[in-house]
Amino acid sequence: MANDVCATGSSRLTIDLDAIRANYRLLAARVAPAACGAVVKADAYGLGAAWVAPVLRDAGCGIFFVAQLCEAIALRAALGTAGDIFILNGLDPGCEALCADRGFVPVLNSASQVARWRALARERGSALPAALQIDSGMSRLGLDAAAVEALTGDAGFAREVPLRLLMTHLACADEPGNPANAAQLARFAAARALFPGVPASIANSGGSFLPDGFHCDVARAGIALYGAPPSALAEGLRPVAALSARVIQIREIGAGTGVGYGLDYVASERRRLATIGIGYADGWPRHLSGRGAAWHRGQRLPIVGRVSMDSLTVDISSLPDDALAEGDSVELLGPSQSLDDVAGDAGTISYEILTQLGRRHRRLYVDGAQQ
Ligand SMILES: *Cc1c(COP(=O)(O)O)cnc(C)c1O
């Protein structure tokens, strides 16, 4: 399967749908008997929700999470009628009616979001389901303990807003030994006791690899589905994204010759260089200037000089002279270089590398299970 929007593009992003399916099954087995929901916000972390979500649906996923209403609308078109769609960021003012009309489940994160959703339910004379987020210690989104208590004493709330999910989010799920995890779980347990019978959710990908107590009723898996391990506890995930880019030009330079903007790199001896057709406009971080690498058949090709908008230059002196020619491809993500390797070199996390991968790559969706 190819999406040939840019069939002649100089970089190619291959997305392995079978690996996503396998990762989903691994996570679902890990958190069972809890249900495994899929987080497909930010266009499935940049990999294409319209391709990814139906694969997850067919693998048995019935619960989907996005961040924004516009993502929910696009996701519904991709999914058809199957599956519940939760909106993690909740309700932007003025969007309540559209959210309700489309049947999405907003995550109510603040007393004012609760108030606006209730007002719509009263106006329409019908109950409007929602999820409720509790702030258990991250101080990002969710109601604090006082706001939660106020709701439990309010019979009108239970009538107007049937709760489909009570949720909270872990700040340190990627650090299994961090005591903040247990502290958040304990605060969440206290909140759960106030809403008996409402399904509960605390685990993201990292939380799914924490002990069973963190799995509750629904897990919200994101990055692990896309093949990046969320913590040192995660094992057996298959990489999903592979990225390669073509050599545009090969040259030899002598000692004293500078390379790229600012001439940051100056060769100390004769060097062979290849200029590769990928740059920061393609989401390949400019922070990799002089520090990252491309790979060719297991050989590391260090980036020399600054990463440009549309190209970068690597040192290929370690390869035999005829190993690479114009038009050949080098590996940027694949067996020799993982998302975490690139993120580490760039001083960021796999999430940011994935979600920034640009629109100019030729995208190839492959599905081993169907080949
Ligand atoms: C993004 C997000 C997730 C998914 O996190 P991963 O670490 O990618 O698994 C889960 N829950 C919430 C609230 C999120 O914002």
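Predicted, not measured: the structure shown is a model, and the values here were computed from it.

K.L.:
Tell me about helix H9 (residues 179-193), and please be specific about residues and values.
P.N.:
Compared with an ideal rise of 1.5 Å per residue, which puts 15 residues at 21 Å, H9 spans 22 Å between its outermost C-alpha atoms and is within 8% of the ideal. Where H9 is concerned, the buried positions are Asn181, Gln184, Phe188 and Ala191. One side of H9 holds all its buried residues, which, seen down the axis, span an arc of 85 degrees. Exposed side of H9, more than 90 degrees from the buried face: Pro179 and Ala193 are the residues found there. Against the buried residues of H9 lie strand S8 (163-167) and strand S9 (200-201).

K.L.:
Which residues make up the site of the ligand, and what values go with them?
P.N.:
Near the ligand lie 14 residues; those nearest to it are Lys41, Tyr45, Ser205, Ile223 and Tyr351. Contact distances for the ligand include 2.9 Å between a nitrogen atom and a side-chain N or O atom of arginine 220. The side chain of tyrosine 351 places a nitrogen or oxygen atom 2.7 Å from an oxygen atom of the ligand. Most atoms of the ligand, that is more than half of them, are within 2 Å of grid points of the largest pocket. For the shell around the ligand, the secondary-structure elements that each account for two or more residues are helix H2 (41-45) and strand S10 (218-221). Of the residues that constitute the shell around the ligand, the class distribution is seven nonpolar, four polar and three charged.

K.L.:
Which residues make up the sheet that holds strand S3 (residues 35-39), and what values do they have?
P.N.:
Spatial strand order, S9-S8-S7-S6-S5-S4-S3-S10: eight strands in an open sheet with parallel pairing. Of all strands in the sheet, those bounded by a partner on one side alone are S9 and S10. Across the sheet, helix H6 (residues 111-124) touches strand S6 (105-108) and strand S7 (130-133), and the angle it forms with S6 is around 145 degrees.

K.L.:
Before we move on, could you go through the packing of helix H3 (residues 49-58) against helix H4 (residues 69-79) and cite the residues and values that matter?
P.N.:
Two elements in contact, H3 and H4, have axes whose closest approach is 9 Å; the angle formed by their N-to-C orientations is 55 degrees. One finds that H3 runs oblique with respect to H4. The element H3 and its partner H4 pack so that their crossing is right-handed. Between H3 and H4, the contacting residues are Ala50, Ala53, Pro54 and Arg57 on the first element and Leu75, Ala78 and Leu79 on the second. Among the residues making up the contact of H3 with H4, the classes are represented as six nonpolar, no polar and one charged.

K.L.:
Break down empty space enclosed by the protein for me, with residues and values.
P.N.:
In total, this model carries one cavity of 30 Å³ or more according to the counting rule given. The space that makes up the largest cavity amounts to roughly 40 Å³. Forming the boundary of the largest cavity are Gln133, Ile134, Asp135, Ser136, Met138, Arg140, Leu141, Thr168, His169 and Gln184. Partitioned by chemical class, the residues of the lining of the largest cavity number three nonpolar, five polar and two charged.

Procedures and definitions
Residues numbered from 1 in each chain as written. Predicted model: local features only at pLDDT ≥ 70, side-chain atom pairs only at ≥ 80, totals over all residues. Heavy atoms only, no water. Helix = DSSP H or I, 4+ residues; strand = E, 2+ residues; numbered from the N terminus. Expected span 1.5 Å × (residues − 1). Buried < 20%, exposed > 50% of the residue type's maximum accessible area, 1.4 Å probe, protein only. Arc of directions from axis to C-beta. Contact = heavy atoms within 4.5 Å. Near = heavy atom within 4 Å. Polar contact = N/O pair within 3.5 Å; in protein donor to acceptor, adjacent residues only side chain to side chain. 1 Å grid on protein atoms, 1.4 Å probe; cavity = no way out; pocket = protein on both sides within 12 Å on 5 of 7 lines; lining within 4 Å. Sits in = over half its atoms within 2 Å of the grid points. Nonpolar A, V, L, I, M, F, W, Y, C, P; charged D, E, K, R; others polar. Pairing = 2+ DSSP bridges. Axes fitted to C-alpha atoms, helices over the stretch in contact; angles between N-to-C directions. Parallel < 35°, antiparallel > 145°, perpendicular 65-115°, else oblique. Left-handed = near helix turned anticlockwise from the far one by under 90°. Points joined across faces, edges and corners; volume = space filled by probe spheres on them.

So yeah, pure geometry; function would need other evidence.
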